[in-house]
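Summary of the model geometry
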Amino acid sequence: DLNWQVHVFATLKKNSLALDWAQFTCTRLHIMPEKGIYFYAKMNWRFFIKALASKSDYLLAVDTDTLMGLRIASIIINKPLIWDCHEVFTEMPELHHRPGVKKVWSFVEEIFAKNLSRVMCSTRGVADYLYSKRGIAAKVIHNYPSSYALMTEMQKRFSSKLILFQGILNEGRCLPELIYSMKLLPEEFMLMIAGD
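Now for a look at the structure at hand. Note that the structure is predicted; figures quoted are calculated from it, not measured. Numbering of residues starts from 1 in every chain and runs along the sequence as written. Local features in a predicted model are, by the rule used here, given only for residues with pLDDT of at least 70; side-chain atom pairs are given and counted only at 80 or more, and totals for whole chains, interfaces and linings are based on all residues. Only hydrogens and water are set aside; all other atoms, that is, all heavy atoms of the structure, feed into the side-chain values.

Below, the discussion takes up the overall build of the protein. For the purposes of this entry, the term helix denotes a DSSP run of H or I that reaches at least four residues, the term strand denotes a run of E that reaches at least two, and both are numbered from the N terminus. The helix and strand inventory of the protein stands at 6 helices and 8 strands. Listing every helix and strand of the protein by position from the N terminus yields β-β-α-β-α-β-α-β-α-β-α-β-α-β. Each of the three principal axes of the protein carries a C-alpha extent, and together these read 60 × 45 × 35 Å. Partly exposed residues are those whose accessible area sits between 20% and 50% of the maximum for their type, while under 20% is buried and over 50% is exposed, using a 1.4 Å probe and protein chains only. Scored against the burial criterion, the 196 residues of the protein give a buried share of 29%.

What follows is the structure, encoded as structure tokens:
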């Protein structure tokens, strides 16, 4: 919207959807294996190399798993780094029973997020965590749609009382509570869950 030219570097896995929106250009990187420590090490190395060669004014790291390579590149080429910390990566339910992996990501966050001044997150809880744990004052940018009055014709389309959960069906995203809460709503409400 501000007439910035955006180029996205993203991984390409066998289940990846196309990123062919007109608003930006995209380079997909095929990295093998597709998970585990070697995946993250190779991904950060590839992002590091791409960032060094880029003519960008800013770099943006999405989440903790892309932070290492882009932070090192931003220091070398002297370009500002923006960190989108949209979740507390080290507290993901998938890491609760993997203390060694959790410790590695905690170390990455501690070292590579240090003194970052351009940090954004999607909730006050994540911002509070970053401030208390890392001393980072993150900008909260809420991730929900704007509310606006619908035109009459559009209003008819949305009279079904549909509740949509869209996203990855990870533990810790309150899906059992959401399903249970449907009992508390009138019968005309319907829950649709869409995600991996």
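So that's the structure; there's more coming.
Our next topic: the sheet that holds strand 3 (residues 59-62). Here a strand pair is declared whenever DSSP counts at least two bridges between the two strands. Here 4 strands make up an open sheet; going across it, the order is 3-4-5-6 and the pairing parallel. Every interior strand has two partners, whereas the edge strands, strand 3 and strand 6 (139-140), have only one. Across 2 bridges, strand 5 (residues 119-121) lies against strand 6 in parallel orientation. Bridge pairing in strand 6 places M120 opposite K139.

Secondary-structure assignment places S74 in helix 2 (residues 67-76). Residue classification places S74 among the buried positions, given a relative accessible area of 6%. Not counting chain neighbours up to four residues away, the residues in contact with S74 comprise L59, K79 and L81. Contacts are assigned to residue pairs with any non-hydrogen atoms lying within 4.5 Å of each other.

Running from N to C, helix 1 (residues 37-53) and helix 2 point in directions that differ by 25°, and their axes come no closer than 7 Å. Taken together, the axes of helix 1 and helix 2 are roughly parallel relative to one another. Crossing of helix 1 against helix 2: the hand is right-handed. Packed against helix 1, whose contacting residues are N44, F47, F48, A51 and L52, the element helix 2 presents L67, M68, G69, L70, I72, A73 and I76 at the interface. Basically, the charged four are Asp, Glu, Lys and Arg, the nonpolar ten are Ala, Val, Leu, Ile, Met, Phe, Trp, Tyr, Cys and Pro, and anything else, Gly included, counts as polar. The class makeup of the residues in the contact of helix 1 with helix 2 is 10 nonpolar, 2 polar and no charged. All axes here are fitted lines through C-alpha atoms, helices being fitted over the stretch that makes contact, and every angle between N-to-C directions spans 0 to 180 degrees. By definition in this entry, angles of less than 35 degrees are roughly parallel, angles greater than 145 are roughly antiparallel, angles of 65 to 115 are roughly perpendicular, and the rest are oblique. What makes a crossing left-handed is the near helix being turned counterclockwise from the far one by less than a right angle; a clockwise turn instead makes it right-handed.

Let's shift gears to unusual backbone geometry. Here the bond from M32 into P33 is cis, since omega is -5°, no more than 30 degrees from zero. One non-glycine residue, D63, lies in positive phi territory at about 75°. Examined against the element boundaries, D63 turns out to sit in the loop between strand 3 and helix 2.

Once that is clear, we can look at the pairing of strand 8 (residues 190-194). With 5 bridges joining them, strand 7 (residues 162-166) and strand 8 adopt parallel strand pairing. Counted as the bridge partner of Q166 is A194 from strand 8. When the strands point away from the viewer, a crossover counts as right-handed if the route from the first strand across the helix to the second turns clockwise. Once the chain exits strand 7 it traverses helix 6 (residues 175-181) before rejoining the sheet at strand 8, and the crossover so formed is right-handed.

Turning next to a nonpolar patch on the surface. A surface patch of nonpolar side chains, amounting to about 460 Å² of accessible area, comprises W45, I49, L52, I72 and I76. Put simply, the parts of the chain that give the nonpolar patch at least two residues each are helix 1 and helix 2. Among the elements that take part in the nonpolar patch, helix 1 stands out by supplying 3 residues, more than any other. In this structure, L52 sits in helix 1. A residue counts toward a patch only above 30% relative accessible area and without a salt bridge, and it is joined to like-charged neighbours within 9 Å or, for Val, Leu, Ile, Met, Phe, Trp and Tyr, to nonpolar neighbours within 5 Å. Areas reported as accessible are Shrake-Rupley estimates using a 1.4 Å probe. Residue values count occlusion only from the protein chains shown. By definition here, a salt bridge exists when the distance from a side-chain nitrogen of Lys or Arg to a carboxyl oxygen of Asp or Glu is within 4 Å.

This part takes up helix 4 (residues 124-134). For helix 4, every residue scored as buried is listed here: V126, A127, Y129, L130 and R134. With its buried residues spanning 160° around the axis, helix 4 presents them on a single face. Exposed residues lying more than 90 degrees from the buried face of helix 4 are Y131 and S132. Those residues of helix 4 hidden inside the fold are in contact with strand 4 (81-84), helix 3 (99-112), strand 5 and strand 6. Phi turns positive, to about 70°, at G135, one or two residues after helix 4. This arc corresponds to the set of directions leading from the helix axis out to the C-beta atoms.

Attention now moves to the side chain of T64. Within the fold, T64 resides in the loop between strand 3 and helix 2. Judged by relative accessible area, T64 falls into the buried class, the value being 0%. Once residues lying within four places of it in the same chain are set aside, the contact partners of T64 are W83, F89, W105, V108 and E109.

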